[in-house]
Amino acid sequence: MLNIYSFLWNLLFWGKTYIFRPLALFFIFFHDSVNWVIKKVFSIPTLAIFLLPIIYILLLGFAQGMHLNGILDIFHSFYTVLNFSPGLSTDIAVIKTLTSVVAFAIPLSLTFFYFSYKEQKALAISNASFSYASALAFVFTCIMAVAFGTHLSVALKTKASMPIEKLDAYFSGTIGVWLIFCFMAFRQGIIVVKLHISNLHVKSQTDYSIKQIKENLHCLKYSFAKFQKKMYFNRLYDNVETLYQLMFLSIDKSTSTYYDYCVKNWNRILSDIHEKPENQKYISGPSLTKGDDLYLNLYKCILNNQINLLIKLIKSHRFEDANIAFEMLEKLESKKSAYYTALHEIAILSFKLDILDTILIRLNNIMETYRHKNDSVNDVNIIFKQLLIIAIENNDVKSLSRIVYSMLKNFKTEDMRLKNGRIPIPFMATPEQNIQQNECIIYMLFQALVKTIELSHYSCTGFLIKFMVTNFKGDIIKRVYSIVIDNLITNKKQESPYLKNNVISNVAVSFNFNSTTIRYCFEKMSLLLYCQQKFVLRKGILINFNNTVEPVIKISGIKFEVDYLVEKIKKAGDKYGLLFFSSKFVDEAGIEKDFLEIISDDLKKEKERYKEFKPNSKERKRVRKAR
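Conventions used here
- Residues numbered from 1 in each chain as written.
- Predicted model: local features only at pLDDT ≥ 70, side-chain atom pairs only at ≥ 80, totals over all residues.
- Heavy atoms only, no water.
- Helix = DSSP H or I, 4+ residues; strand = E, 2+ residues; numbered from the N terminus.
- Buried < 20%, exposed > 50% of the residue type's maximum accessible area, 1.4 Å probe, protein only.
- Contact = heavy atoms within 4.5 Å.
- Areas by Shrake-Rupley, 256 points an atom, 1.4 Å probe, with all protein chains shown as cover.
- Axes fitted to C-alpha atoms, helices over the stretch in contact; angles between N-to-C directions.
- Parallel < 35°, antiparallel > 145°, perpendicular 65-115°, else oblique.
- Left-handed = near helix turned anticlockwise from the far one by under 90°.
- Nonpolar A, V, L, I, M, F, W, Y, C, P; charged D, E, K, R; others polar.
- Core = buried A, V, L, I, M, F, W, Y, C linked by side-chain atoms within 4.5 Å.
- Salt bridge = Lys/Arg side-chain N within 4 Å of Asp/Glu carboxyl O.
- Expected span 1.5 Å × (residues − 1).
- Patch = residues over 30% accessible without salt bridge, like charges linked within 9 Å, V, L, I, M, F, W, Y side chains within 5 Å.
- Phe/Tyr/Trp six-rings, centres within 6.5 Å; stacked < 30°, edge-to-face > 60°.
- Lys NZ or Arg CZ within 6 Å of the ring centre and 35° of its normal.

> Looking at this model, I keep getting lost on the overall build of the protein. Mind explaining?
The helix and strand tally for the protein stands at 24 helices and 2 strands. Burial analysis of the protein (627 residues in total) assigns 48% to the buried set. In the protein, the share of contacts with a sequence separation of at least 24, taken over all contacts with a separation of at least 6, comes to 74%. Within the structure as shown, the protein displays about 31700 Å² of accessible surface, and the carbon and sulfur contribution to it stands at 59%.

As structure tokens, this is what we get:
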């Protein structure tokens, strides 16, 4: 098949003329049609058994109509060389002997094919290097040779009384066809044995799969019939599966040299697809937006196998190879959900395998790419959301810290002069940055805070409170806080309004708040955030240059009693890791009190003023806008 296609491909490019290209396309179509018909026929054993006698009868009729005068004389001339006595009896004996040899080869070949198939399957479950076509061609030619040989030996006996000239005229065509089938059987047998023995070697299987992938990728460009595309994609799917399984085998057997050989060749194929527009439209990119199942299934196949390869390398502590595997995955980047589902699965697995930094670095690279493209809320945020949920559910402050600081790494930093020699840190107050993206991140942090309150994971709550006040300006915190009230509390929508229109992964992600306690958890979180902002202001703590805590959030509209909320957070006390629990200040009357008592008194007064105000509908809108 490779030789045929090599010839046809040359026709496609000879001189860029309009003569050879249609001719080559026609022959490719004809060749594919014949292959498709044969595959369909022989995939149904009953139909194949029924058709074999019909094919034999047709060929026999064709052979009997042929006249190859002198063929028996040629036979007899060979007898002289071999010291055989010329005659009909010798002719019959030779035909019987050759036919018996071919007939004996059939059961032997079936045993060999079964052994070869099992051995190749042991190397790769989805083995595409087992040549069904060559095995089928060998068996078919053997059956035809045996059928013609048996017919000849019987027919020659019945016509033994005929002179040699009449025998030659009557049986010359049949003998000629029998000789052709015998020659084809022996030739095909040698080819098949050589092919299947070579495929017992891992490198041979790899070379075969790579060659098949390249061939079928090339053929895809010139296929215009639906059955052609399906046939090429099925071959691509099988060979891609085989290639990956051979790479898995090389990892298990610690054969680094062979693994490098596989990756080098496969990476070159992915690079060609990624870098050449004419290839992109067939595998990734525009074609995927058409919703064609053939394209999408192959794309998912590569993604899923690349994920398995990446995780296997990490588990084997081959981190350098894992980085290369991740770069290969990035070449498959697209706006389809399948790609983000793959990233999502890797993120979850990386958390479980305690290799979180690996995925965080890659996610930041993708976010950086989106930022340069001026995209708004990108789809990587849904993966960060998943990581936040896992860290909070595991009460893992260390991982939570790595995740939230990773979310800030792609935000611009300003060169700034700080007092006390503090190090500049990223913050989200520069006008050049995308406001929607910034608000999306803070909205997720508010959701995470509410979830930590719900789960009573105090250390996570305290860390996130300090993180928000330290890294974000008061105005953006206040603005997003009001959006959270409208969406999460008033409209009771648990999902982020910033992520609802995005191409997200197929992995379900949700904080799954308890609808019964969500108001209480939110107001408890609000009180903690308010206290931390007020504490920073009273202490005059320098967060960073030009990053002010004011304006603080407004929580005068909370429904629960302030004393009740204060009492609840006091019970946890130092578990939050917030300094204001142990701090004392002088109130307006000059009396030294606990900071929480001062805040409690201030909030009570503010709530009384809020109740007295009793805003009408217009005023409510103005107050909400002022938030």
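> Just checking my understanding: could you explain the packing of helix α16 (residues 381-393) against helix α17 (residues 397-408) for this structure?
Helices that pack against each other are described as a pair by the angle of their axes relative to one another and the distance between those axes. At a minimum axis separation of 9 Å, α16 and α17 run at an interaxial angle of 160°. As the angle between them shows, α16 and α17 are arranged roughly antiparallel. For the element pair α16 and α17, the recorded crossing hand is left-handed. Facing Phe 384, Leu 387, Leu 388, Ala 391 and Ile 392 of α16, the residues of α17 in contact are Ser 399, Leu 400, Ile 403, Val 404, Ser 406 and Met 407. For the contact of α16 with α17, the residue count by class is 9 nonpolar, 2 polar and no charged.

> So what exactly am I meant to see when it comes to the nonpolar core here?
Looking at soluble globular proteins, one finds that nonpolar side chains tend to be buried together. Counting residues in each nonpolar core, the largest one holds 135 residues, and the members touching the most others are Trp 266 and Phe 446. The dominant element in this core, judged by the number of residues it contributes, is helix α12 (residues 293-315), at 13 residues. If near-sequence neighbours (up to four positions away) are discounted, Trp 266 is found in contact with Ile 213, Val 240, Leu 243, Tyr 244, Met 247, Ile 302, Gln 306 and Met 328. Leu 52, Val 102, Ile 106 and Val 146 belong to the second-largest nonpolar core, a separate cluster that totals 26 residues.

> Would you explain the pattern of salt bridges in this entry?
Close approach of charged atoms lets side chains of opposite charge pair. Following the criterion strictly, the structure yields 8 salt bridges and no others. When the shortest N-O distance is used, the salt bridge between Arg 362 and Glu 330 registers 3.7 Å. Taken together, the residues Arg 362 in helix α15 (residues 356-372) and Glu 330 in helix α13 (residues 319-330) connect sequence positions 32 residues apart.

> What is the right way to look at helix α21 (residues 518-539) in this model?
Every α-helix carries 3.6 residues per turn, so stepping three or four residues along brings you back to the same face. For α21, spanning 22 residues, the distance from its first C-alpha to its last is 31 Å, which sits close to the expected 32 Å at 1.5 Å a residue. Most of α21 is tucked away, with 17 of its 22 residues classed as buried.

> It is not clear to me how helix α8 (residues 202-220) should be interpreted in this structure. Could you clarify?
Relative to the 27 Å expected for 19 residues at 1.5 Å per residue, α8 spans 27 Å between its end C-alpha atoms, a close match to the ideal helical length. For α8, every residue scored as buried is listed here: Gln 205, Thr 206, Ser 209, Ile 210, Gln 212, Ile 213, Glu 215, Asn 216, Leu 217, His 218, Cys 219 and Leu 220.

> Would you mind showing me how to read the environment of Tyr 244 here?
Position of Tyr 244 relative to the elements: it lies in helix α9 (residues 226-252). Considered as a pair, Tyr 244 and Ile 302 are 58 residues apart in the sequence and their alpha carbons are 8.8 Å apart. For Tyr 244, the residues in contact, after removing those within four places along its chain, are Trp 266, Ile 302, Asn 305, Gln 306 and Leu 309.

> Looking at this model, I keep getting lost on the side chain of Lys 385. Mind explaining?
Tracing the sequence through the fold places Lys 385 in helix α16. Owing to a relative accessible area of 1%, Lys 385 belongs among the buried residues under this scheme. Not counting residues within four places of it along the chain, the set of residues in contact with Lys 385 comprises Met 444, Gln 447, Glu 495, Leu 499, Val 509 and Phe 511.

> Looking at this model, I keep getting lost on a nonpolar patch on the surface. Mind explaining?
Residues Ile 44, Leu 47, Phe 50, Ile 54 and Leu 58 make up a contiguous nonpolar surface patch of about 470 Å² in total accessible area. The residue Ile 44 is located in the loop between α2 (20-42) and α3 (45-64) in this model. Given a relative accessible area of 43%, Ile 44 falls into the partly exposed group.

> What is the right way to look at unusual backbone geometry in this model?
If a residue is not glycine, its phi is most likely negative; likewise, a peptide bond is most likely trans. With omega at 0°, the peptide bond leading from Glu 550 into Pro 551 counts as cis. Inspection of the secondary structure puts Pro 551 in the loop between α21 and α22 (562-572). In the Ramachandran plot, Ser 254 falls in the positive-phi region, its phi being about 55° despite a non-glycine side chain. Along the chain, Ser 254 turns up in the loop between α9 and α10 (256-275).

> How do you make sense of the packing of aromatic side chains when you look at a structure like this?
Centre-to-centre distance and the angle between the planes together describe a pair of aromatic rings. With the rule as written, the count across this model stands at 15 aromatic pairs. The interplanar angle of 80° and the centroid separation of 5.7 Å between the aromatic rings of Tyr 244 and Trp 266 together place this pair among those described as edge-to-face. Highlighted residues: Tyr 244 in helix α9 and Trp 266 in helix α10, separated in sequence by 22 residues. Residue Tyr 244 is classed as buried on the basis of its relative accessible area of 1%. On the basis of relative accessibility, which here comes to 1%, the residue Trp 266 falls in the buried class. It is Arg 318 that lies over the ring of Tyr 259; its NZ or CZ is 4.9 Å from the centre.

> Where do I start with the environment of Phe 463 in this structure?
With respect to the element layout, Phe 463 can be found in helix α19 (residues 458-471). With 62 residues separating them in the primary sequence, Phe 463 and Ser 401 have C-alpha atoms 7.9 Å apart. When neighbours within four sequence positions are excluded, Phe 463 is seen to be in contact with Val 397, Leu 400, Ser 401, Val 404, Tyr 405 and Tyr 576.

Bear in mind that shape data such as this cannot, by itself, settle questions of function.
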